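Residue strings, one per chain:
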Amino acid sequence: MNLEKLSSRVTQELDEALANDFPKERREEILEIVRRAMLDSADRTHREMKDTAVVCCGPEADLAHKIQEQMAKKRDMLIANLTAMR
């Protein structure tokens, strides 16, 4: 899933859906809320996947840690991308 494209699409759809006489400051607040929600969602999903990987791998803890490291790298990259879109 490309979150940059998704974020752009959602921003555009929200911009079109909001009335033209809606104050610009309020529009920006709404768009920021959506951006933060997407970031929070990605973070929560990451935590849940990490927990699942640890539980599933049980005795193979080394494998679980390797998976966890890869997921952490991808999460950090996702956060950097979302932050850059501001």
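Relevant structure appears above.
In this report, we go over the structure that sits alongside the text. Note that the coordinates shown come from a computational prediction; the quantities given were computed from them, not determined experimentally. (Residues numbered from 1 in each chain as written. Predicted model: local features only at pLDDT ≥ 70, side-chain atom pairs only at ≥ 80, totals over all residues. Heavy atoms only, no water.)

Looking now at the overall build of the protein chain. When its secondary structure is counted, the protein chain shows 3 helices and 0 strands. Each helix and strand of the protein chain, placed in order from N terminus to C terminus, yields the pattern α-α-α. The 86 residues of the protein chain split such that 17% are buried. Sequence separation of at least 24 residues holds for 49% of the intrachain contacts in the protein chain that already meet a minimum separation of 6. For the protein chain, the accessible surface area stands at approximately 6500 Å², while carbon and sulfur atoms represent 54% of it. (Helix = DSSP H or I, 4+ residues; strand = E, 2+ residues; numbered from the N terminus. Buried < 20%, exposed > 50% of the residue type's maximum accessible area, 1.4 Å probe, protein only. Contact = heavy atoms within 4.5 Å. Areas by Shrake-Rupley, 256 points an atom, 1.4 Å probe, with all protein chains shown as cover.)

Here we take up the pattern of salt bridges. Overall, the coordinates contain 3 salt bridges when judged by the stated rule. With its nearest N and O atoms 2.7 Å apart, the salt bridge here joins arginine 26 to glutamate 29. Residue arginine 26 and its partner glutamate 29 are both found in helix α2 (residues 24-57); the two are separated by 3 residues, about one turn of the helix. On the accessibility criterion, arginine 26 (42% relative accessible area) is partly exposed. Between aspartate 76 and arginine 75 there is a salt bridge whose closest N-O contact spans 2.9 Å. (Salt bridge = Lys/Arg side-chain N within 4 Å of Asp/Glu carboxyl O.)

Take the environment of arginine 27 next. Structurally, arginine 27 can be placed in helix α2. Relative accessible area serves as the criterion here: at 12%, arginine 27 is assigned to the buried category. It is 10.0 Å that separates the C-alpha atoms of arginine 27 and threonine 11, two residues lying 16 residues apart in sequence.

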